[in-house]
Amino acid sequence: MKGYDFEGPALELGALVREGGTADPSKPIRIPVSMLNRHGLVAGATGTGKTKTLQLMAEQLAAQGVPVFLADVKGDLSGLASPGTPSERVTRRAAEVGQTWRPAACPVEFFSLGGLGSGVPIRATMTAFGPTLLAKVLELNDTQESSLGLIFYFADKHGMPLLDLKDLIAVIRYLTATPEALSGIGGLSVATAGVILRALTNFEAQGAEAFFGEPEFDVRDLLRVTADGQGTISVLELPAVQDRPRLFSTFLMWLLADLFQELPEVGDADRPKLVFFFDEAHLLFDGASKAFLRSIAQTVRLIRSKGVGVFFVTQTPKDVPADVLAQLGARVQHALRAFTPQDAKALKATVSTFPESSYDLERLLTELGIGEAVVTVLSETGAPTPVAWTRLRAPQTLMAPSSPDLVQSVLESKEFRSMARSAASALGREITRSIFGTLRRGRR
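Residues numbered from 1 in each chain as written. Predicted model: local features only at pLDDT ≥ 70, side-chain atom pairs only at ≥ 80, totals over all residues. Heavy atoms only, no water.

Draft legend 1. Inspection of the overall build of the chain at higher detail. From N to C terminus, the chain includes 16 helices and 12 strands. For 444 residues, the compact-globule formula gives about 22 Å, and the C-alpha radius of gyration of the chain, at 24 Å, lands near that figure. In terms of overall dimensions, the chain has C-alpha extents of about 80 × 45 × 40 Å along its principal axes. Sorting the 444 residues of the chain into buried and exposed places 54% on the buried side. (Helix = DSSP H or I, 4+ residues; strand = E, 2+ residues; numbered from the N terminus. Rg over C-alpha atoms; globule rule 2.2 N^0.38 Å. Buried < 20%, exposed > 50% of the residue type's maximum accessible area, 1.4 Å probe, protein only.)

What follows is the structure, encoded as structure tokens:
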């Protein structure tokens, strides 16, 4: 199909499907690597192959030297660390799409959110997270946000690193009990302090305490490339936080903001510095505050210039807010179901987001087979490509979780890094504990 003959490096998604359902290996469907920082969406009903598409893209990015970050909510992406298993089904799919399939494994590291699950814990100190992001997460008004900023300023002025939620709560209670401590820089009303404390307590009850603390994660660790030039795939294991969407969304807000702060402007690079895949993306947005949605939309819009691409993986495009959806240049849409009036409405809305094509998309999207998708991406000039019914390639990594023994061996090989970070931050921990020890004892 014309429109997919790119000159530069590209990810091979699969082959065009002709009328009648036969794939044409001479018509490959691809995504230019240079356009991946224009973001994208992988969507489809449960069981249609979204995770395999994510896996297919991630392993090719790693092979081309692009680091990848995966949020693994279901716990089935650890297979990227193991070579795939040959089978008749894989051989048949490879022949249909003109793929030379061979088993391969990717360089993978495993992380956990605040130590909830296996993997190197990802944490941030309260000081590094900062009052602005925290106010958005807690849904504070302008007055409350200003007071929170004053609390952080007081702690910083007095050399008090805020490591976790308990540190921040201790400072607020101290300032409420001794208002003269803020003399000359403002004041903190008891009512405002009460609102902030209640919000922090609710936040803590939702699991946030696990995320805040030391050792603090350095986001630049996500940009590693191996000695042989492969991009490292960082898999964040999240099965333990499926019922804690606010913790997940807080982490995302911090991570993208920190990356935006740390990375230099690169403009239109020939390849991204990092590509994110957020599986089960609806967890990020369900019940999210307007401030959070605005923050995510703004960050997704601006982080492109830092060379970072973001792909959301979810069931229907309506799971992603319109302001974010409008910025997603690549679309890989797997089958949708239309069993209920709500399903039918979502199907029509999905069809309306695609460029005009000769396909009857409303029918086609309900008839796609497993491992098939309707695709449109941005060409190397930034123009949308024609809509293409695509039979996707098979991943070369394991299409199932890796064995616990293999995961453990990966974790043990990376243990020194966690230990080094912990030792480096020990001094800050001791300073903070000495300052807040008395305050905390007074609370008990």
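Draft legend 2. Region of interest: helix α14 (residues 404-413). Within α14 the residues assigned to the buried category are Val 407, Val 410 and Leu 411. Buried positions in α14, seen along its axis, are confined to an arc of 100° and lie on one side of it. (Arc of directions from axis to C-beta.)

Draft legend 3. How the structure looks around the packing of aromatic side chains. For the structure shown, the criterion picks out 17 aromatic pairs. With a centroid separation of 6.3 Å and 85° between ring planes, the pair formed by Phe 129 and Phe 211 is classed as edge-to-face. Within this pair, whereas Phe 129 is found in helix α3 (residues 126-129), its partner Phe 211 is found in the loop between α7 (190-205) and β7 (233-237), the two being separated by 82 residues in sequence. Assigned by exposure class, Phe 129 and Phe 211 land together as buried. Relative to Phe 212, the ring of Phe 129 has its centre 5.2 Å away and its plane inclined at 85°; by these criteria the two rings are edge-to-face. Here Phe 129, found in helix α3, pairs with Phe 212, found in the loop between α7 and β7; they are 83 residues apart in sequence, far enough to count as distant. Relative accessible area serves as the criterion here: at 4%, Phe 212 is assigned to the buried category. The positively charged end of Lys 306 is found above the aromatic ring belonging to Phe 260, 4.6 Å away from the centroid. (Phe/Tyr/Trp six-rings, centres within 6.5 Å; stacked < 30°, edge-to-face > 60°. Lys NZ or Arg CZ within 6 Å of the ring centre and 35° of its normal.)

Draft legend 4. A look at the nonpolar core. Formed by 77 residues in total, the largest nonpolar core has its most connected members in Phe 276 and Phe 312. Element by element, the count of residues in this core is highest for helix α8 (residues 245-262), at 9 residues. Apart from the residues lying within four places of it in its own chain, the contact partners of Phe 276 are Phe 69, Leu 222, Leu 255, Leu 256, Leu 259, Val 308, Gly 309, Val 310 and Phe 311. Core analysis: the next-biggest nonpolar cluster, separate from the first, contains 41 residues, Leu 11, Cys 106, Phe 311 and Ala 330 among them. (Core = buried A, V, L, I, M, F, W, Y, C linked by side-chain atoms within 4.5 Å. Contact = heavy atoms within 4.5 Å.)

Draft legend 5. Representation of the sheet that holds strand β2 (residues 23-32). Strand order in this open sheet of 12 strands is β2-β1-β12-β11-β10-β3-β9-β8-β4-β7-β5-β6, and the pairing throughout is mixed. Of all the strands in the sheet, just β2 and β6 (120-122) have a single pairing partner and so form its edges. Taking the axes of each pair of neighbouring strands and ignoring which way they run, one obtains an average angle of 30° across the sheet. Pairing analysis gives 4 bridges linking strand β4 (residues 68-72) to strand β8 (residues 274-278), with the strands arranged parallel. Within β8, the position partnered with Phe 69 by the bridge is Phe 276. Sitting on the sheet, α14 touches β5 (108-113) and β6, and the angle it makes with β5 is about 85°. (Pairing = 2+ DSSP bridges. Axes fitted to C-alpha atoms, helices over the stretch in contact; angles between N-to-C directions.)

Draft legend 6. Structural context of the pattern of salt bridges. All told, the structure shown has 18 salt bridges when counted by the stated rule. When the shortest N-O distance is used, the salt bridge between Arg 224 and Glu 109 registers 2.1 Å. Here Arg 224, found in the loop between α7 and β7, pairs with Glu 109, found in strand β5; they are 115 residues apart in sequence, far enough to count as distant. Overlapping salt bridges, with partners in common, bring together Arg 93, Glu 96, Glu 372 and Arg 391 in one network. (Salt bridge = Lys/Arg side-chain N within 4 Å of Asp/Glu carboxyl O.)

Draft legend 7. Up close: the pairing of strand β11 (residues 372-376). β11 sits mainly inside the fold: 5 of its 5 residues count as buried. Relative to β11, strand β10 (residues 330-333) runs antiparallel, the two being bridged by 3 bridges. Across the sheet, residue Val 332 finds its bridge partner in β11, namely Val 375. By the bridge criterion, 4 bridges tie β11 to strand β12 (residues 388-392) in an arrangement that is antiparallel. If you follow Glu 372 over to β12, its bridge partner there is Arg 391.

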